[in-house]
Each structure stands twice: as structure tokens, then as C-alpha cells.
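Fold and contact review
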Amino acid sequence: MQLANYLCKTFMEQIIQLDFVLFHFINQVWTNHYLDVFFSFMRNQYVWAPLYVFLIAYLVMNFGGKGWKYILMTVFIVLGSNYLSSELIKKNIHRSRPCNEVALEGHRRLLVHCGTGYSFTSSHATNHFSISVFFCLTGAVFMGRWRYLFLIWAVIISYAQIYVGVHFPLDILGGAFIGSIAGIIGSFMYKKIPFFQ
């Protein structure tokens, strides 16, 4: 039992060390002024408000009641995945954000406001992957093949969280995993529950 605990602890230490190294490269090495502007812009939640308004209007105008049901399921997925990330996981893991991590003092760049919340998992990654995976798996008839661009959208926004200094790579991977599972479950419910048909 002691050996298993030792191996598990050693493995986790290696993972955290790798996480710090990857954060260093993304946040400090693979950077330039144009990327600073781009990623700071992309991770701003208000930037995407017009897209959300457009999608809602398009769904309602073209699909009526079915459009509202699609919106309802999307909101349900986002609220559920966000609660899991922000309330259940973050408040139990208690991982500091890189911008608040004492060990990184003087070894990080912070391009946006840091925030006081915990780091693991990233709610940005969780929410955006839940939406994009749901859109892809349900066919998102209003988007056709273009729906797969939402996966690229989720990846860029998630990567931006590391680049600007507010999340570690492991936070993003955890959030992407939870969001993807939420999107998969949501798509299954949307296809199977008669109300949504």
C-alpha cells in the first residue's frame, strides 16, 4: 500500500512539473505582441456576445419551437457543466491560479485580470467544449459542416487562458474533458427525450 501511494504521489508530482513547464512555454516563450493582442481579445467573454445573439435569433426565426428547445438544451448543458466545474471541482481541489501561484512569482506574464477563484478546472474550457461538442454531435442543422468550427473556437479560447496567465494546461485539459462529457450527455438527451423532437 505504501509503495502504491509513493508511486501515485511521484506520478502526480511529475504531472504537475510537466504542467508548470508547458505553462512556461505557452505563457513566456511561444509569445509575441500580436499573439498577446489576439489571445487577450479571444478570451474576453463579451467579444462573443454578438455571436450568441445571432445564434439565438437564427434558431428562433428559422426553427421556431424546435429552435427554442435547442437553445434550452444548450443552456442546460452549460449551466450543468459550469456548476460541476466551478462549484464541485474547483471548491474541492483548491488549486491556485498561475497568476496567484507563489512558486511562479517573477516567472509568468499576466495579460488580463487574474481573479480570485481557483484554477482546476477551467470553466472557460468546460463551458465552451460543452457547447461545441453538443453542436457537433447533434448535427446543429442550422450550421451544417460549419458546426465543426466550434471545436476550433473552443480550443482557441481554452489555449488563450494559458497564454494570458490565468490557467495551467492541466486545468484546460480537465475542463475540456468535463465539457466534452457534458456535450455528449446533452446530445444523447436531446436525441432521446421526446420533448426535444
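Read on for an overview of the structure. Sequence order sets the numbering: in each chain, residues are counted from 1 along the sequence as written. With the structure being a predicted model, the display of local features is reserved for residues of pLDDT at least 70 and the display and counting of side-chain atom pairs for 80 or more, all residues being used for whole-chain, interface and lining totals. Hydrogens are left out, water is left out, and the side-chain values use all remaining heavy atoms of the structure.

Looking at the overall build of the protein chain
Starting at the N terminus, helices and strands are each numbered in turn, a helix being any DSSP run of H or I of at least four residues and a strand any DSSP run of E of at least two. A tally of helices and strands in the protein chain yields six helices and zero strands. Counting helices and strands in the order they occur from the N terminus, the protein chain gives α-α-α-α-α-α. Dimensions of the protein chain, computed from the C-alpha atoms along their principal axes, are close to 55 × 50 × 30 Å. By the burial criterion, 40% of the 197 residues in the protein chain qualify as buried. Any two residues whose heavy atoms approach within 4.5 Å are treated as being in contact. In the protein chain, the proportion of contacts linking residues at least 24 apart, taken out of those at least 6 apart, comes to 81%. Side-chain charges in the protein chain split into 14 positive and 7 negative, and the spacing between the mean points of these groups amounts to 18 Å. Three exposure classes are used, based on accessible area relative to the maximum for each residue type with a 1.4 Å probe and protein chains only: buried under 20%, partly exposed in between, and exposed over 50%. Charge counting follows a simple rule: Lys and Arg are positive, Asp and Glu are negative, and His as well as the terminal groups are ignored. The atom standing in for a charge is NZ when the residue is Lys, CZ when it is Arg, CG when it is Asp and CD when it is Glu.

Some thoughts on unusual backbone geometry
Of note, the amide linkage connecting Phe-120 to Thr-121 takes the cis form, showing an omega dihedral of 5 degrees. When you line up the elements, Thr-121 lands in the loop between α3 (49–93) and α4 (123–137).

Some remarks on the state of the cysteines
Disulfides are defined in this document as cysteine sulfur pairs within 2.5 Å. Using the criterion set out here, one finds one disulfide in the structure. Here Cys-99 pairs with Cys-114 through a disulfide, and the sulfurs are 1.9 Å apart. One quick way to see it: the torsion about the S-S bond of Cys-99 and Cys-114 is about 75 degrees, and its sign makes the bridge right-handed. Placement of Cys-99 in the loop between α3 and α4 and of Cys-114 in the loop between α3 and α4 is noted, with a sequence separation of 15 residues between them. Across this residue pair, the class does not change: Cys-99 and Cys-114 are buried.

Some points on helix α5 (residues 149–163)
In this scheme, a helix's expected span is set at 1.5 Å multiplied by one less than its residue total. The first and last C-alpha atoms of α5 sit 21 Å apart over 15 residues, in line with the 21 Å expected at 1.5 Å per residue. Within α5 the residues assigned to the buried category are Phe-150, Trp-153, Ala-154, Ile-157, Ser-158, Ala-160, Gln-161, Ile-162 and Tyr-163. Directly beyond the C-terminal end of α5, a positive phi value near 100 degrees is found at Gly-165.

Things to note about a nonpolar patch on the surface
Like-charged residues are merged into a patch within 9 Å and nonpolar side chains (Val, Leu, Ile, Met, Phe, Trp, Tyr) within 5 Å, provided each residue has over 30% relative accessible area and no salt bridge. Residue exposure ignores everything except the shown protein chains as possible cover, and the areas themselves are Shrake-Rupley values with a 1.4 Å probe. Here, a salt bridge means any Lys or Arg side-chain nitrogen found within 4 Å of an Asp or Glu carboxyl oxygen. On the surface, a cluster of nonpolar side chains totalling about 410 Å² of accessible area is made up of Val-21, Leu-22, Phe-25, Val-29 and Trp-30. By the secondary structure assignment, Trp-30 is in the loop between α1 (2–29) and α2 (33–42).

Re the packing of α4 against α5
Axes here mean lines fitted to C-alpha atoms, for a helix over just the part in contact, with angles spanning 0 to 180 degrees between N-to-C directions. Where α4 meets α5, the axes come as close as 8 Å, and the angle between the chain directions of the two elements is 170 degrees. With respect to α5, the element α4 is oriented roughly antiparallel. Residues His-124, Ala-125, His-128, Phe-129, Ile-131, Ser-132, Val-133, Phe-135 and Cys-136 of α4 form the contact with α5, whose own contacting residues are Phe-150, Leu-151, Trp-153, Ala-154, Val-155, Ile-157, Ser-158 and Gln-161. Amino acids are sorted into nonpolar (Ala, Val, Leu, Ile, Met, Phe, Trp, Tyr, Cys and Pro), charged (Asp, Glu, Lys and Arg) and polar (every other residue, Gly among them). For the contact of α4 with α5, the residue count by class is twelve nonpolar, five polar and no charged. These descriptions rest on fixed angle ranges, namely under 35 degrees for roughly parallel, over 145 for roughly antiparallel, 65 to 115 for roughly perpendicular, and the rest for oblique.

Description of the environment of Phe-54
Relative to the helices and strands, Phe-54 resides in helix α3. The spatial distance from the C-alpha of Phe-54 to the C-alpha of Glu-13 is 45 Å, given a sequence separation of 41 residues.

Topic: the pattern of salt bridges
Enumeration over the complete set of coordinates arrives at five salt bridges. Across the salt bridge formed by Asp-19 and Arg-95, the nearest N and O atoms sit 2.8 Å from each other. One end of the pair, Asp-19, is in helix α1; the other, Arg-95, is in the loop between α3 and α4, with 76 residues separating them in the sequence. Residue Asp-36 is joined to Arg-109 by a salt bridge in which the shortest nitrogen-to-oxygen separation is 3.0 Å. On the criterion of sequence distance, the pair formed by Asp-36 in helix α2 and Arg-109 in the loop between α3 and α4 is long-range, its members being 73 residues apart. Residue classification places Arg-109 among the partly exposed residues on the basis of a relative accessible area of 22%.

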